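Read off the chains here:
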Amino acid sequence: MKKITTIAALVLAIPAAWAAGEDSYADFKAMMDASFKTTGIAAKHRMYQLDFQKACSQEKQPSKAEMARIEAEQLKTIRYPADGKYFGDWKQGEKIALDGRGLTWTDKTPHNNGGGCYNCHQLSHHEISYGTIGPSLLEYGKTRGNAEDVVKYTWGKIYNAKAFNACSNMPRNGDAEILTEQQMKHLMAFLFDPASPVNKK
Amino acid sequence: MPIPRRLKAAVMLTALAVAPVAALAAGDKMMDAINEYRELLADGNPSELVAAQGEELWKTPRGPKKASLEQCDLGLGPGVVKGASAQLPRFFKDTGKVQDLETRLMTCMETLQGIDPNKVINERWLKGERENMAALVAYVVTESNGVKVKVDTRHPAMKKMYELGKQTFYYRAGPMDFSCATCHGDQGKRIRMQELPDLRTHEGAIAGWGSWPAYRVSNGQFWTMQHRLNDCFRQQRTAEPIYGSDVTIALSVYLATKANGGKMVTPGIKR
């Protein structure tokens, strides 16, 4: 696991709001430590925060400067396809977008995860069961075209959404190894292919 | 628990809840249909049977001490059940802890009946002593149906738990970087077709906190609040919270405090 800071280490970096309450933060740390256990693939160390997760765990967002710093750092994690090919099969992409499974303690393996895109986004003309935590991506390819910068940005957003919005609600599908490169290529095709129901009525 | 009464309506709603969504003409139509069935069920809550089993259990001598729970003090004095769950969680002098309904019931089971709390803590959902717990909970919360949430926000131990609960609410962790606020920190959002209460607000908290524990029509199960929170942590992709652990109490204090003054509709009926 990379970039893990232990909760213990975090005590050294108490956010300003807690400056007066070092004890409270110690209490919080002790509570979290005593309250969780490993079940199946969901190991207890999941409760330790990455630096940016911690910065984004307040009622209010961090300062603009802090957000920019996190975004610059997250941008460095993005790996673009080595073969330069961004698009797989949109039909497989659609299945991945619909599949919200993976990474819970009732899942057998940390691999074979879905993208869960429909949990948060409207995507296609025919699927009416979609969530609204993220913006609608209906007609994504049709409205944005497929210029290189658009394609690269979209890949980057799927790979690590935090590179463009430090405290985004969207998971880091590539960086956190939720999806494989191949799965992300299928999703790209789903978003951009003119024949995909995202773009075609 | 299988529910024989009102079976027909329940089965219809079950079928609806699991039917492929695409088969329905429109999403709103499905929400309407679900709300309609919910109303239909409201005057015959399928939890009634579970609550009846719980009342029976409450009065039955059990455990090594062969005692009933009739002397259990849920905060309003020994044996007082009416309105008791509406003022939980609260600080209890005898245990020196803030307790929710389930951890308090564990205390009563231990002290009055001699039943080891680990029999509940280490059990699986809806099995053994945890199934008994669910029945007891159904009984107790039925006695607070329509009562206003009234938790003590002044006690220092409660204040502290509130702060810890708030910190937990915004605590992002795990492979998906989620916190409770990711799914419950905005107005009018949903995941697929499931509406998400904004638990930061009084309205959202009373809709969420005030309608749990609940009967879940989609799987025909009665779920306690511990069960609800456990499943949200599962969806959050964190490690598993230990049954009755402080993190679950802290979140409950946070939610109940936000819900204070609102009316409990318990047990609730859910999708």
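Per chain, residues are indexed from 1 in the order of the written sequence. All chains are assigned letters beginning at A, and all ligands numbers beginning at 1, according to the order in which they are written. Local features in a predicted model are, by the rule used here, given only for residues with pLDDT of at least 70; side-chain atom pairs are given and counted only at 80 or more, and totals for whole chains, interfaces and linings are based on all residues. Remark: hydrogens and water are excluded; side-chain values derive from all non-hydrogen atoms of the structure.

1. Examining the packing of aromatic side chains
Aromatic pairs are defined between Phe, Tyr and Trp rings, using the six-membered ring for Trp, whenever the two ring centres lie within 6.5 Å; interplanar angles under 30 degrees are classed as stacked, those over 60 as edge-to-face, and all others as tilted. Applying the stated criterion to the full structure yields 12 aromatic pairs over all chains. Between Phe36(A) and Phe233(B), the ring centres sit 5.3 Å apart and the planes meet at 85 degrees, which makes this aromatic pair edge-to-face. One end of the pair, Phe36(A), is in strand β1 (residues 36-37); the other, Phe233(B), is in helix α10 (residues 225-236), on a second chain. Three or more aromatic residues link up through ring pairs in this structure, and these residues are Tyr162(B), Phe169(B), Tyr170(B) and Tyr254(B). Note on geometry: a ring has a charge over it if NZ (lysine) or CZ (arginine) is within 6 Å of the ring centre and within 35 degrees of the ring normal. Lying across the ring of Phe92(B), Arg104(B) places its NZ or CZ 3.8 Å from the centre. In this structure, Arg190(B) is placed above the aromatic ring of Tyr130(A), and the distance from its NZ or CZ to the ring centre is 5.0 Å. Here a helix means four or more residues in a row that DSSP labels H or I, a strand means two or more in a row labelled E, and each is numbered from the N terminus.

2. Thoughts on the interface of chain B and chain A
Facing the 40 residues of chain B at the interface are 51 residues of chain A. Computed with a 1.4 Å rolling probe, the buried area is the accessible surface lost when two parts are put together, summed over both parts. Here chain B and chain A share an interface that buries about 4200 Å² over both sides, 57% of which is from carbon and sulfur atoms. The working definition used for a salt bridge is a side-chain nitrogen of Lys or Arg within 4 Å of a carboxyl oxygen of Asp or Glu. Linking chain B to chain A there are 5 salt bridges. Where Asp27(A) meets Lys160(B), a salt bridge forms, and the shortest distance between an N and an O atom there is 3.2 Å. Pairs of N or O atoms within 3.5 Å make up the polar contacts considered here, provided that, within protein, one atom can donate a hydrogen while the other can accept it, and that residues adjacent in sequence are counted only when both atoms are side-chain atoms. Inspection of the region where chain B meets chain A yields 29 residue pairs in polar contact (both at pLDDT 80 or more). Looking at the side of chain B that touches chain A element by element, the count peaks at 5 residues for helix α7 (residues 156-169) of chain B. Counted by class, the side of chain B that touches chain A contains 20 nonpolar, 9 polar and 11 charged residues. Pairing geometry for β1(A) and strand β7 (residues 240-241) of chain B, over 2 bridges, is antiparallel. The contact criterion used is simple: two residues touch if any of their non-hydrogen atoms lie within 4.5 Å. The classification used treats Ala, Val, Leu, Ile, Met, Phe, Trp, Tyr, Cys and Pro as nonpolar, Asp, Glu, Lys and Arg as charged, and all other residues, Gly among them, as polar. We treat two strands as partners when DSSP finds at least two bridges between them.

3. Focus on empty space enclosed by the protein
Residue and element names in this part refer to chain B. Here a cavity is any set of points on a 1 Å grid over the protein atoms alone where a 1.4 Å probe fits but cannot get out, and a pocket is any open set with protein on both sides within 12 Å along at least 5 of 7 lines; a residue lines the site when it has an atom within 4 Å of a point. Grid points are joined across faces, edges and corners, and a volume is the space filled by probe spheres set on the points. Within this structure, the stated rule accounts for 4 cavities of 30 Å³ or more. Reported here for the largest cavity is a volume of approximately 160 Å³. Lining the largest cavity are 14 residues, with Ser85, Leu101, Trp209, Pro213 and Met225 positioned closest to its centre. For the lining of the largest cavity, the secondary-structure elements that each account for two or more residues are α4 (101-113) and α6 (128-142). Of the residues that constitute the lining of the largest cavity, the class distribution is 10 nonpolar, 2 polar and 2 charged. As annotated, the domain borders come from an automatic or database domain assignment. Per-domain counts for the lining of the largest cavity show at least three residues from each of domain 2 (47-142) and domain 3 (156-270).

4. A closer look at the domain arrangement of chain B
Quite often, the size of an interface is put as the accessible area lost when its parts meet. Residues and elements named next belong to chain B. Here the domain parsing of chain B yields domain 1 (5-41), domain 2 (47-142) and domain 3 (156-270). Distance between the C-alpha centres of domain 2 and domain 3: 21 Å. Facing 24 residues of domain 2, the contacting portion of domain 3 comprises 24 residues. Both sides together, the interface formed by domain 2 and domain 3 hides about 2000 Å², and carbon and sulfur atoms give 73% of it. Remark: the boundary between domain 2 and domain 3 carries 0 salt bridges. Counting every contact that joins domain 2 to domain 3 gives 6 residue pairs in polar contact (both at pLDDT 80 or more). Every element with two or more residues in the side of domain 2 that touches domain 3 is listed here: α3 (47-59), β1 (90-92), α4, α5 (118-121) and α6. Take the side of domain 2 that touches domain 3: its biggest share by element is 7 residues, from α6. By residue class, the composition of the side of domain 2 that touches domain 3 is 16 nonpolar, 4 polar and 4 charged.

5. As for the domain arrangement of chain A
Residues and elements named next belong to chain A. Considered domain by domain, chain A is made up of domain 1 (2-49) and domain 2 (90-192). Every contact between the two is made by 7 residues of domain 1 and, on the other side, 9 residues of domain 2. Approximately 520 Å² of surface area, both sides summed, lies buried where domain 1 meets domain 2, with 54% of it carried by carbon and sulfur atoms. At the boundary of domain 1 and domain 2, one finds 0 salt bridges. There are 1 residue pair in polar contact (both at pLDDT 80 or more) connecting domain 1 and domain 2. Here the residues of the side of domain 1 that touches domain 2 sort into 2 nonpolar, 2 polar and 3 charged.

6. Topic: the packing of α10(B) against helix α11 (residues 246-259) of chain B
All names here are of chain B. In contact at an axis separation of 11 Å, α10 and α11 are set at 105 degrees when each is read in the N-to-C sense. In terms of orientation, α10 lies roughly perpendicular with respect to α11. Residues Met225, Gln226, Leu229 and Phe233 of α10 form the contact with α11, whose own contacting residues are Val247, Thr248, Ile249, Leu251, Ser252 and Leu255. For the contact of α10 with α11, the residue count by class is 7 nonpolar, 3 polar and no charged. Think of each axis as a best-fit line through the C-alpha atoms, taken over the contacting stretch in the case of a helix, with angles from 0 to 180 degrees between the N-to-C directions. Small angles under 35 degrees read as roughly parallel and large ones over 145 as roughly antiparallel, with 65 to 115 read as roughly perpendicular and the rest as oblique.

7. Observations regarding α11(B)
Residue and element names in this part refer to chain B. Relative to the 20 Å expected for 14 residues at 1.5 Å per residue, α11 spans 20 Å between its end C-alpha atoms, a close match to the ideal helical length. For α11, a buried count of 11 out of 14 residues is recorded, marking the element as mostly surrounded by other parts of the structure. Considered for burial, the residues of α11 that qualify are Val247, Thr248, Ile249, Ala250, Leu251, Ser252, Val253, Tyr254, Leu255, Ala256 and Ala259. Under the convention used throughout, the expected extent of a helix is 1.5 Å for every residue step, that is, one less than its residue count. Partly exposed describes any residue whose relative accessible area lies between the buried limit of under 20% and the exposed limit of over 50%, with all areas from a 1.4 Å probe on protein chains only and scaled to the type maximum.

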